[in-house]
Structure formats: structure tokens, C-alpha cells
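# Observations on chain architecture
Chain by chain, the residues:
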Amino acid sequence: MEQTSRIKTWIKEQAPMLAHLYENKYVGMAYDRFASLPPVQQKQLILSFIGVVSGSIGLYLLISYISLWNLNARIKGASVMGAHLQQYQKIKRDKSLELASLDSNAALAAPGQLKARLLDIGRTTGISPRMMEANEKSEMAARSDESKASTELKIKEASVSLQKITIRQLVNFLKNIESGQYKLTVTGLRIKNDEQLRGYMNVDFEVMAYLFSPEES
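In this report, the structure presented in the accompanying data block is examined.

Parameters at a glance
- The residue numbering used here restarts from 1 in each chain and proceeds along that chain's sequence as written.
- Confidence filtering applies because this is a predicted model: local features only for residues at pLDDT of at least 70, side-chain atom pairs given and counted only at 80 or more, and all residues used for totals across whole chains, interfaces and linings.
- To obtain the side-chain values, all non-hydrogen atoms of the structure were included, while hydrogens and water were left out.
- Only DSSP runs of H or I with at least four residues qualify as helices, and only runs of E with at least two residues qualify as strands; both kinds are numbered from the N terminus onward.
- To estimate the expected span of a helix, count its residues, drop one, and scale the result by 1.5 Å.
- When a residue's accessible area, from a 1.4 Å probe over protein chains only, is under 20% of the maximum for its type it is buried; when over 50% it is exposed; and in between it is partly exposed.
- The directions from the helix axis to the C-beta atoms are what the arc is built from.
- Pairs of N or O atoms are called polar contacts if they sit within 3.5 Å, as long as, within protein, a hydrogen donor faces a hydrogen acceptor (for residues adjacent in sequence, only side-chain-to-side-chain pairs).
- Definition used in this section: a nonpolar core is a set of buried Ala, Val, Leu, Ile, Met, Phe, Trp, Tyr and Cys residues joined via side-chain atoms within 4.5 Å.
- What makes two residues a contact is simply this: any of their non-hydrogen atoms within 4.5 Å.
- Put simply, a salt bridge is a Lys or Arg side-chain nitrogen that is within 4 Å of an Asp or Glu carboxyl oxygen.

### Topic: helix α6 (residues 167-178)
- Relative to the 16 Å expected for twelve residues at 1.5 Å per residue, α6 spans 17 Å between its end C-alpha atoms, a close match to the ideal helical length.
- Q169, L170, F173, L174 and I177 are the residues of α6 that are buried. Along α6, the residues classed as buried sweep out an arc of 125° about the axis, all on the same side. Exposed positions of α6 whose direction lies more than 90 degrees from the buried face are R168 and K175.

### Observations concerning the environment of N202
- One can find N202 in strand β5 (residues 201-212).
- On the basis of relative accessible area, N202 is assigned to the buried category, the value being 18%.
- A sequence separation of twelve residues divides N202 from R190, and the C-alpha atoms of the two residues are 8.4 Å apart.
- Looking at N202, its side chain comes within polar contact range of the side chain of D194, at 3.5 Å.

### Here we look at the nonpolar core
- In this structure, L118, V160, L162, F173, I177, L184 and F205 are the most contacted members of the largest nonpolar core, which totals 24 residues.
- Going through the elements one at a time, α5 (113-125), β1 (132-136), β3 (149-165), α6, β4 (184-193) and β5 are the ones with two or more residues in this core.
- Broken down by element, this core gets its largest block of residues, six residues, from β5.
- If sequence neighbours within four positions are ignored, F173 has contacts with L118, I121, G122, T125, I127, M132, V160, L162 and F205.

### A few points about the environment of K115
- Relative to the helices and strands, K115 is located in helix α5.
- Here the alpha-carbon distance between K115 and S159, two residues 44 residues apart in the chain, equals 9.0 Å.

### Let's talk about the pattern of salt bridges
- Taken as a whole and judged by the stated rule, the model has four salt bridges.
- The partner of D194 in a salt bridge is K164, with the nearest N and O atoms 3.4 Å apart. In this pair, D194 sits in the loop between β4 and β5 while K164 sits in strand β3, placing the two residues 30 residues apart along the sequence.
- Here D194 falls in the buried class, since its relative accessible area comes to 9%.
- Judged by its relative accessible area of 28%, K164 is partly exposed.

Rendered as C-alpha cells:
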């Protein structure tokens, strides 16, 4: 009893919030029941209580770790899915732009249209028709990534020869080709200074256009 009084006094002085809990009749009954047990059973009961508390804490930590691991896995999965979605959107956007450029080149499919377009660019650039020659070539099948002939994509080419032009005329001509209404590509550019007129040059190059030609059923 003296020890119990000391405990109650210590609780009131050091932890007054627990005094109400200690004075609860049910807690008092439990404590009296515990105090009436033999020391060996008291020790076993204390160890069992500590084991239950420790097990509960361990189980809580384990469940928290599993939940955190699952959340982290879902976050990583969402991140990977987001990256794949962005890549898919980029590929889709690039394909849309590619198809749009092929659609714009459809007007060049008729014979002579590519040559006429190049001659028009030359006139708007200030190059005399007498100083420009364009020869349109026959269509050919485009090559796929596996170097196989495509049944839907065709290539139309034209060779261009410019005589006695200035560097400014050449730059404007090439700029109008690659930034105009149609999707055209300049290849094989060859420049040679004119031997008769200083500051002028003779230029030869090829112009290429991709055309969409769906396979007939």
C-alpha cells in the first residue's frame, strides 16, 4: 500500500493528466487485480503486455512500409506511363505534320507542276527565266526504313540550273523553296563562280518532294 501511495503521489505531481485515468474505477479494479497476482504471474503479464505492444508497433510499421512501397510503385508507374504518353503524343504530332506536308504536296503530283513551281519561285526572286532551267524527273518509289520500296510514298525530283546569279538571289531562292507552300527539299547543291562576270555564280542542285500515293484497291 505504501508503494501504491507513492506511485499515486508521483503521478499527481509529475503527470497530473494521468491522475484521472489512475483514479478511474475500472483502472483501479484492474490494478488491484494485477497487484493480487503472484510476482511470477505479474512478470508474465507485463512481458505479455510489452510483447503485444511491440508486436502491434511492428505490424503497424510493416503495414506502413508496404503501403509506402505500393504508393511509390504506383508513382513510378504513373511517371513511366506519362513519359510513354508524351512520346506517343510527340510521334502522333510528328506524323500529323508529316501527313499535312504530304497533303500540301499533292498539287505537285501532276506532270510539270514541280517545274512550274520552281520557275515561279525564280521569277519572284528576280531571276530571269533565260538564266534558269528546271527539268522535272519521273516519280520513283520512296524507300522505307528497311530500304524497301514503299507502295504509298513517291518521290518527285527536278534538277535546277541557275546561271549568272548573285549570292543574294541564291539565298532568297533557296529560302522560298524550303519555307514556301510546299514541302520541298534541296539536295546536291553545287556552286561555281562565273568566269565572265565577277560577283556572279552558276548553281546546280536538285529539288525533291514526297508525294502521298495510296495503293489502289
